[in-house]
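Chain and residue survey
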Amino acid sequence: MPLSKLRKATRGLSAAVMLVSCVMSADAAADTLTIGTRSEMTMDPHFFWSTPNRAYNVHLYGSLVRLNNAMRTQPMIASKWILVDETTWDFKIDPAARFHNGSKVTAKDVEASFKRASTLENAAASYKGALRGVASVTAIDTDTVRVKTKKANPALLHQVAQISIIPANIAVSANQGDFISGKAAIGAGPYKFVRFKAGDRLVLERNEAYFGPKAKWDKVVFRVISDDAARVAALLGGDVDLIDYVPPSDVARLKRESGIKVFRSTSDRTMFLIPDVGRNVSPFVTDKDGESMNKNPLQDVRVRKAMAMAIDRKSLVARIMDGAGTPANQNVAPDVLGHAAALPGIKYDVSAAKKLLAEAGYPNGFGLTIHCTNDRYVNDARICQALGQMLARLGLKMKVEALPKAVMFPRIRDPKGDRTSLMLLSFGSGTSGDAGGTLTHTIHTFDKGRGFGTWNVGRYSNANVDAVIEKAVTTLRANDRAKLQSKAISLAIADMAVIPLFYNNVIVASRKGLSYTIYADQSTIADAAVPAN
Amino acid sequence: MMGTFLLYRTLQAFVTLAVVSIIIFLGVFALGNPVYVLVDPSAPADVVEQTIRRLGLDRPIYEQYGIFVTNALSGDLGTSYTHAQPSLALIASRFTATFELVLASLVIAVALGLPLGLIAGYGKNNWVGRTLSSVSILGISVPIFWLGLLMIIVFSLELKWLPTGGRGETVALFGVETSLLTLDGLSHLVLPAMALSLFPLALIIRLTRAGVREHSQMDYVRFARAMGIRPAKLLFAYVLRNVLIPIVTMIGLIFGTLIAFAVVTETVFAWPGIGKLLIDSIKVSDRPVIIAYLLFVVVMFLVINLIVDVINAALDPRIRLSGTS
Amino acid sequence: MLKEFTRSIYAGVSLAVLSSAIVFALLAPWIAPQDPYDLAQLFILDSRLPPMSRNSDGFLFLLGTDDQGRDVFSAILYGLRISLGVAFLSTAIAFLLGTAIGLISAYLGGRVDAFLMRIVDMQLSFPAVLIALMLVALVGTGIDKVIIAIIAVQWARYARTVRGSALVEREREYIEAVECLAFSRSRIMFVHILPNCMAPLSILATVEIASAISIEATLSFLGVGLPITQPSLGLLIANGYPFMLSGNYWLSIYPGLVLIALMVAVNIIGDRMRELINPRSEK
């Protein structure tokens, strides 16, 4: 590289400039953790429901229960909970729980927080979305909160883990600016608000009076660096201690650096393709010459199986994801409850796939456009292009259309949108804590009124599968539920309702001397990082 | 005369704002419903539909526009969907960072560009001028995001002279947070400002050079030279004044262009300004911020161009301020 | 003319660079070892091979491969066509449109001027990315949408520039003189005023050609540019951007170098032409 030469040539100058730039990281004290994070934070804890916001909120505010790195529930503000009957849950508030201002956390505070979270005006991504099937949240005495659900609801603990708890008087009176200035940023979490600079950083300090295990850092600085390369550069340059959402292509380089450590683990996400099986004529399917077709080949299960077999998952993971994933045979990741462990892998066999395609009546293939986002999932546009080549070798005439999610999502979710013929999607366990989320949203028949199949873009519909999924959503016993969900997955994959690609990984990198525990939902948590020894 | 001129321009500004708001409204409407972009994938459909209704996003576009205008007239341009803050306040709070960056780039560009352009254009040593103006093109012929990262690799990672990005320490000056007054702040500003200055620098060098060359052939310069006026005085007192007119027009333009270019520079250097805000807002369809950004920038352009027109009129008495006739 | 033009060595070399780039671009389908736009010819197992490597079939990748296994050399040849096409077409249209509007605005003055200049103000405040995104949302991705977005941001700069110079020219004696001769307005504008505004305009134009390519690359970087399976030089750079830190420099360096050579050449040619054409410039 010419860089070394340049370095030599400019060594003389460097001394002079060093003088100018000597004060670079004033925050770099030994017990301060500076995190370069991809996502900006919304300071009002009840305004914008997203996984990154949840992660910031857990530091400051806390919730009745919290999720650990494997997405299992743990006590937080609620020390224990009792299932009174199938639809009634009582949460006992930890008597030691205190807000940052010293006042005791009461059931009233919890009730007020839930109320604010589900009714806040102007909230476009309301936390109400996290409380599917929840009928009411009420304080029945000072330290008991009763949650009623509409039906038996096994996801409830994961749902209440989404809601930040703030003092009732603040919940009633605070406006959004008060959370930005810090005036209202009073919670019951392990860290306290120090300062927030929009688009730049959020600074927290340890809450010495926290009722649970002591926070691990005196001070935590979240620095917003949304560009992947810039975030990696910030770690390499020593400006931050830890970065989240490490692009897989930089892992090899980071591993070569002696001062850097890379942490990788499985996530709860799976990437898959959704073929359009619902429409007799699909808008982005053509014949080989680009003329429109009067039937939709994707409705033939043999065509979908042929496509599944034409995808070289191993190479896809190795080359496009730089190893950050595992080939998938279903749309629910192995660590997620309900994963169908008995399902066989999908074989990569182009010639068998071609035969199957010919059997289905398309020996010369057909034209197909694959749609994907280019700013939503790790490497989404690159995955799409690679799939384009693989399906092109099956004999299909492929077009690849990568669009920003701001264009893509309204197109596939708006009831009036024309959707896609084949699209790339990724789904995690979300608030269900098991396979239920993926199944109800992407496999169950689209049913707007009952809120099923919201992301079932291909409009796959199988009454048998629907029945199993619906039964599972109301089955409280985890083992029984997992069995039902595995069954639903097996049935759907037999139909190739979706074409599985791979299970995602989560990658975090830090400077040497730290150890980090990965959260499967990609939450970035300060206390997951501890000094290594 | 000046008073009528300003009044007239203010009226025009309001009309312009109205037109822009209609265009941008049609534009963001075309993007589709933002709620579908913003909600968590596992939000149930009924909550999503409810939200859409509550935000009024299910109404016909003219009704939505009507509501927007009514609110806008009372100073409310909507609340950001992602930042939980009035969009105008959000833009105002981040504008100083962008202003600082753009100003620093402009200062670099003018401070380097004018003298270099004068040197390049004056005298017979043609190769100096040619080389300078060619080199200035190097920096703008590759995209700024790529060059920016290259600069980070060279100056931050290899040479370790400067931080990789972000805004440094700021101090409050008359209630405005600025990083221009701290060493840490300045060291963070250097790289992004340099990256952003490349485009105006190239333009100013070339404009100045061309202007000087053109004017040094003119009769008044020959005459002055014959009169025995010193070359330096001639250059700075007479030529520069005439060369400045297209450059001042251009600087006004460039200022605005830089605000637009800052979009990418701020992303690569993690600079918390309105450019990065715009990109992030576009990515998640944060309509109120997109609209407020545009209206804000339009106002800025109207003001800049007004200033440019006034300065040009002052530099050259032959120009009449238009719109007064 | 050509002889006079190439009296400057810089200009001669630049002309050679530009014309060979055009020839390569036109002949790309015949000289490129691979059709980089044909997905069926790409294998991800060949992805990110360094320059001068061969794949299992013995195919030589002169400048290495990109993240999809695309031959970078072939991609540059094909990319040249798109980049040159986008740059010249959008610059030409923006130049003509902007100059005409700016001239009319300056010469007619009054209400017309005010009206046109406020449109310019509006236009200048719309960043290219926003225009491109709206076009993508309305009509999808494509080269034509990128060209429209570039024209949309650039014409206003020409208009504003030419107006500034034309306002000065309009007041000069010679214009008064031709006005006395009762020449038509369009003749005065385009035959008499315009040539005297060419200096800043042509400088802007040569710089804007470079900036057009940058805008195209930036739009691709932001995901609202060209279709990803048909890379231009700019898109190649944007696609190579994520690999710069990991040491796969060839993905973006080579297209970047070609782009720099091309843009410097265009600017030197522009300078030389200005010297030869401009009535007031020294010969």
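Residues numbered from 1 in each chain as written. Chains lettered and ligands numbered in written order. Predicted model: local features only at pLDDT ≥ 70, side-chain atom pairs only at ≥ 80, totals over all residues. Heavy atoms only, no water.

1. Topic: the overall build of chain C
When you go through chain C residue by residue, the secondary structure sums to ten helices and two strands. Each helix (α) and strand (β) of chain C, taken in turn from the N terminus, gives the series α-α-β-β-α-α-α-α-α-α-α-α. Counting only C-alpha atoms, chain C reaches 80 × 50 × 30 Å along its principal axes. Contacts spanning at least 24 positions in sequence make up 70% of the contacts within chain C whose residues lie at least 6 apart. Of the roughly 10100 Å² of accessible surface on chain C, a fraction of 68% belongs to carbon and sulfur atoms. Separation between the mean location of the 20 positive side-chain charges and that of the 21 negative ones in chain C comes to 7 Å. (Helix = DSSP H or I, 4+ residues; strand = E, 2+ residues; numbered from the N terminus. Contact = heavy atoms within 4.5 Å. Areas by Shrake-Rupley, 256 points an atom, 1.4 Å probe, with all protein chains shown as cover. Lys, Arg positive; Asp, Glu negative; His and termini not counted. Charge placed at Lys NZ, Arg CZ, Asp CG, Glu CD.)

2. Some points on the state of the cysteines
Residue and element names in this part refer to chain A. With the rule as written, the count across this model stands at one disulfide over all chains. The partner cysteine of Cys372 in its disulfide is Cys384, sulfur to sulfur 2.5 Å. In this structure, the disulfide formed by Cys372 and Cys384 twists by about -135° around the S-S bond and is classed as left-handed. Separated by twelve residues along the polypeptide, Cys372 in strand 15 (residues 367-373) and Cys384 in helix 13 (residues 380-393) bring together distant segments of the chain. Summarising the burial analysis for this pair, Cys372 and Cys384 share the class buried. (Disulfide = S-S within 2.5 Å. Buried < 20%, exposed > 50% of the residue type's maximum accessible area, 1.4 Å probe, protein only.)

3. Quick look at the nonpolar core
By size, the foremost hydrophobic cluster in this structure holds 285 residues, and its most contacted members are A:Met307, A:Phe366 and B:Phe145. Examining the composition of this core, we find that 18 residues originate from one element, helix 8 (residues 185-221) of chain C, more than from any other. Two domains each put at least three residues into this core: domain 1 (1-82 + 286-325) and domain 2 (92-283) of chain B. (Core = buried A, V, L, I, M, F, W, Y, C linked by side-chain atoms within 4.5 Å. Domains from an automatic or database assignment.)

4. Remarks on empty space enclosed by the protein
Summed over all chains, the structure comprises ten cavities of 30 Å³ or more. Counted as a void, the largest cavity has a volume near 400 Å³. What lines the largest cavity is a set of 31 residues, among which B:Thr257, B:Ala260, B:Phe261, C:Arg157 and C:Ile215 lie closest to the centre. Those elements that provide at least two residues to the lining of the largest cavity are helix 6 (126-141), helix 7 (144-158), helix 8 (183-215) and helix 10 (231-268) of chain B together with helix 4 (110-125), helix 5 (128-139), helix 6 (143-170) and helix 8 of chain C. Looking at which element gives the most residues to the lining of the largest cavity, the answer is helix 10 of chain B, with six residues. Classifying every residue of the lining of the largest cavity gives 23 nonpolar, seven polar and one charged. (1 Å grid on protein atoms, 1.4 Å probe; cavity = no way out; pocket = protein on both sides within 12 Å on 5 of 7 lines; lining within 4 Å. Points joined across faces, edges and corners; volume = space filled by probe spheres on them. Nonpolar A, V, L, I, M, F, W, Y, C, P; charged D, E, K, R; others polar.)

5. Looking at the interface of chain A and chain B
Think of interface size as the accessible area that goes away when the parts come together; that is how it is often given. Every contact between the two is made by 66 residues of chain A and, on the other side, 61 residues of chain B. Buried area between chain A and chain B, summed over both chains or domains, comes out near 5400 Å², and the portion from carbon and sulfur atoms is 59%. Our enumeration of links across chain A and chain B arrives at two salt bridges. With a shortest N-O distance of 2.7 Å, B:Arg94 and A:Glu40 are connected by a salt bridge. (Buried area = accessible area lost by both parts, 1.4 Å probe. Salt bridge = Lys/Arg side-chain N within 4 Å of Asp/Glu carboxyl O.)

6. Observations concerning the interface of chain B and chain C
The interface is formed by 68 residues belonging to chain B together with 64 residues belonging to chain C. Buried area between chain B and chain C, summed over both chains or domains, comes out near 6200 Å², and the portion from carbon and sulfur atoms is 70%. The tally of links from chain B across to chain C stands at zero salt bridges. In this structure, the connection of chain B to chain C is made through three residue pairs in polar contact (both at pLDDT 80 or more). For the side of chain B that touches chain C, the secondary-structure elements that each account for two or more residues are helix 1 (2-30), helix 6, helix 7, helix 8, helix 10, helix 11 (274-283) and helix 12 (287-315) of chain B. With eleven residues, the single largest contributor to the side of chain B that touches chain C is helix 1 of chain B. Its residues assigned to classes, the side of chain B that touches chain C shows 44 nonpolar, 13 polar and eleven charged. (Polar contact = N/O pair within 3.5 Å; in protein donor to acceptor, adjacent residues only side chain to side chain.)

7. Structural notes on the confidence of the model for chain A
In the predicted model, chain A carries a mean pLDDT of 91, and 94% of its residues have values of at least 70. Low pLDDT (under 50) marks residues 9-29 of chain A, which in the prediction has 25 contacts with non-local residues, meaning those over four places away or in another chain. (pLDDT = per-residue confidence, 0-100.)

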